[in-house]
Amino acid sequence: MIATVSRKQRKRPSRLTPARVGTYVFLLSAAAFFLMPLYVMLVTSVKPMEEIRLGNIFALPIHGTLGPWISAWTSACTGLHCEGIRVGFWNSVRIVVPSTVLSIFIGALNGYALAFWRNRAAGWMFGILLLGAFVPYQIFIYPLVRTLASVSLFGSLPGIVLIHTIFGMPIMTLLFRNYYASIPLELFKAARIDGGGFMRIFVQLMLPMSVPIIIVAVIVQVTGIWNDFILGLVFAGRENLPMTVQLNNVINTTTGERLYNVNMAATVLTSLVPLFVYFVSGRWFVRGITAGAVKG
Amino acid sequence: MGNLEIIEALNLEVIEGEFLVLLGPSGCGKSTLLHAIAGLIDVEDGEIEIAGQNVTWADPKDRSIGMVFQSYALYPTMTVERNMSFGLRISGTPRDEINRRVKRASEILHLQELLDRKPSQLSGGQRQRVAIGRALVREAAVFLFDEPLSNLDAKLRAELRRELKELHKQIKSTMLYVTHDQIEAMTLASRIAVMLDGHIQQIDTPSAIYSKPANVFVAGFLGSPSMNFVEGNLEVSAGIVRFSSPSLGVDVSAYPFAAAPVQGHRVILGFRPEHVQFFSDTTAVADLHVAKISLLEPMGSHMVIWLDHLGQRFSANASGVRDPVVDQAISFAIDTGRVSLFDVATQQRI
């Protein structure tokens, strides 16, 4: 009797209830709905123009070609130049890498100072910083243009990096402050007794412990800065326009017929970096966010 | 933390080489005091001297202290060896010297095999040993312990308590130890300072604190089960002083009164469970009382009897009682030589 009971319980009963079927149907249709545009983009980008002119946007390509991808990368015209969007790609890399590194480093430093080196004004400073996150940044554009111009940083690579670092500050500080708040204060006190100063405790103790949250910060900053359009357009200058701006130029530059396949390929190329970041680090993203919540 | 006053006025002198335990309930300011000594909390007023030097405003690292925390506070990304040597590496100690000190500390604490491990690969007891080792390599003048054993289970706690006592015997450094556990205080201390609400209630050797508590709080805080208290009057007549209350009457003529006893003085009589004596024959013993056993608590080595005497509950050690049974009537007397008397109004020992 006992044996049969235990045998019955060993295997989890599979229940395919109507509710579960409904859930799956809903999920699958939602996924299909959101993947449809991507599908259209991908098939369009590998079709020659003759097939596109037929107007069957859902049809698979008959004579598939990688030509549009190559020309999007190397020869698509952005305004007067026809060097493809690879120029924008490398511009974006040059903007994203230093901006991400700087904003994360300073954000971590801010969060560390606010969490451990309690200052009377710390609460106020944090409040003001957070307030910055809620003000629409378009409001700041004109004053910032004037400010940067006065120190001749307007329209330069350091200028756009500085802008991204500043705009990343509230969220980076919040992220790191909350992460450090979950680290026991005694750890910091022990390091103080061991003679650690402000920077040493930060670099040798706190940063090595911050790997999960740094990964989260990298994801947030890389995708955020990569996808930025208006700041890059305004502050980067003609030589450093990021990929998003160049993509816009590619699509808006029409000489004769609109090259839908090239446009689609350029668009997919532009979104590859954030996509790659999400696919590679999505797992870490969840882990990092919960690591702060469930005690580090 | 704001401007909450936790410790108002406090003088504490720690003798070199002693093991001083700060004992008190949670929130009494003992940890605050320790952290102030360590320099982790700024003091509003007053001075802190360590080894004859005023360190009131010195940086924690310049106070010649080593500290062990309740949560171990080991650096999670460093190995045991690097945890212990972190402070020395910061201060720029030569490599040979670091190796020598780490080796010595790990020998004392039996950590030789664990030096390459990370804290997450250690058990609770091992982690606390590493934390002690980290304080040890600093070769500080004073060691500060902030409830170091509270996070361990009972068996490990007893084990590490013994090791700590042996460590003190071996290195003879001054140690300041904060705990709320009276057993740790009694077993480890050369002196105990009992604290309540930011004030030191009494500071003395463990045995003096146990046998001659300065006030009702100290008397009740130490000992398990705690001291029994009865409120009553002093009756003085013809050189004989008696404590009398509706439930108990005891001759306290032998009590070492600080000031001459006054007739009618409202006092609290305190007596410990082990100072209750039981008698089977009811003859020839003064002040014998009869009570009913209301509850028995077997402790293994001994048994605690809870007596119900005219509505009052007393605890007693059941030594000398054969097979006590609940509801049994039993005769008892109080060892009058070892009672404590406190003033009702001031709660102080008289």
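All of these numbers come straight from a predicted model, not from anything done at the bench. (Residues numbered from 1 in each chain as written. Chains lettered and ligands numbered in written order. Predicted model: local features only at pLDDT ≥ 70, side-chain atom pairs only at ≥ 80, totals over all residues.)

Comments concerning the overall build of chain A
- Helix and strand content of chain A: 14 helices and zero strands.
- In sequence order, chain A lays out its α and β elements as α-α-α-α-α-α-α-α-α-α-α-α-α-α.
- In terms of overall dimensions, chain A is more spread out than a globule: its C-alpha atoms have a radius of gyration of 25 Å, far above the 19 Å expected for 296 residues.
- Its C-alpha atoms give chain A principal-axis dimensions of about 85 × 75 × 30 Å. (Helix = DSSP H or I, 4+ residues; strand = E, 2+ residues; numbered from the N terminus. Rg over C-alpha atoms; globule rule 2.2 N^0.38 Å.)

As for the confidence of the model for chain B
Residues and elements named next belong to chain B.
- Looking at chain B as a whole, the pLDDT averages 89, with 97% of positions reaching at least 70.
- Strand β1 (residues 19-23) holds the highest mean pLDDT among the elements of chain B, 94, whereas strand β13 (residues 276-279) holds the lowest, 86.
- Predicted as a complex, the structure gets a pTM of 0.80 and an ipTM equal to 0.82. (pLDDT = per-residue confidence, 0-100.)

Observations concerning the nonpolar core
- In terms of nonpolar packing, the biggest core is built from 134 residues, with V21, L22, L144, L176 and Y177 of chain B touching the most fellow members.
- In terms of residues, this core owes the most to one element, helix α8 (residues 157-181) of chain A, which gives nine residues.
- Inspection of this core shows a minimum of three residues originating in each of domain 1 (19-221) and domain 2 (228-343) of chain B.
- Judged by nonpolar contacts, the second largest core, of 12 residues, contains L247, L259, A265 and A266 of chain A. (Core = buried A, V, L, I, M, F, W, Y, C linked by C-beta atoms within 7 Å. Buried ≥ 20, exposed ≤ 12 C-beta atoms within 10 Å, placed from the backbone. Domains from an automatic or database assignment.)

Here we look at the sheet that holds strand β17 (residues 329-334) of chain B
Residue and element names in this part refer to chain B.
- Strands sit in the order β13-β17-β14-β15-β16 across an open sheet of five strands; the sheet is antiparallel. The two strands at the open ends of the sheet, each matched to only one other strand, are β13 and β16 (312-317). The sheet shows a mean angle of 45° between the axes of neighbouring strands, direction not considered.
- With six bridges joining them, strand β14 (residues 289-298) and strand β15 (residues 303-309) adopt antiparallel strand pairing. (Pairing = 2+ DSSP bridges. Axes fitted to C-alpha atoms, helices over the stretch in contact; angles between N-to-C directions.)

With respect to the interface of chain B and chain A
- The interface is formed by 16 residues belonging to chain B together with 14 residues belonging to chain A.
- For the side of chain B that touches chain A, the secondary structure elements donating two or more residues are β4 (65-68) and α2 (80-90) of chain B.
- The element that contributes the greatest number of residues to the side of chain B that touches chain A is α2 of chain B, accounting for three residues.
- When grouped by side-chain class, the residues that make up the side of chain B that touches chain A number 11 nonpolar, four polar and one charged. (Contact = placed C-beta atoms within 7 Å. Nonpolar A, V, L, I, M, F, W, Y, C, P; charged D, E, K, R; others polar.)

A word on unusual backbone geometry
Residues and elements named next belong to chain B.
- P225 follows S224 through a cis peptide bond whose omega is -5°.
- The topology assignment puts P225 in the loop between α8 (216-221) and β9 (228-237).
- At H110, a position not held by glycine, the phi torsion is positive, near 55°.
- Classification of H110 as exposed rests on a count of 12 C-beta atoms within 10 Å.
- Even without glycine at this site, Q347 takes up a positive phi of about 65°.
- On the secondary structure map, Q347 appears in the segment after β18 (340-343).

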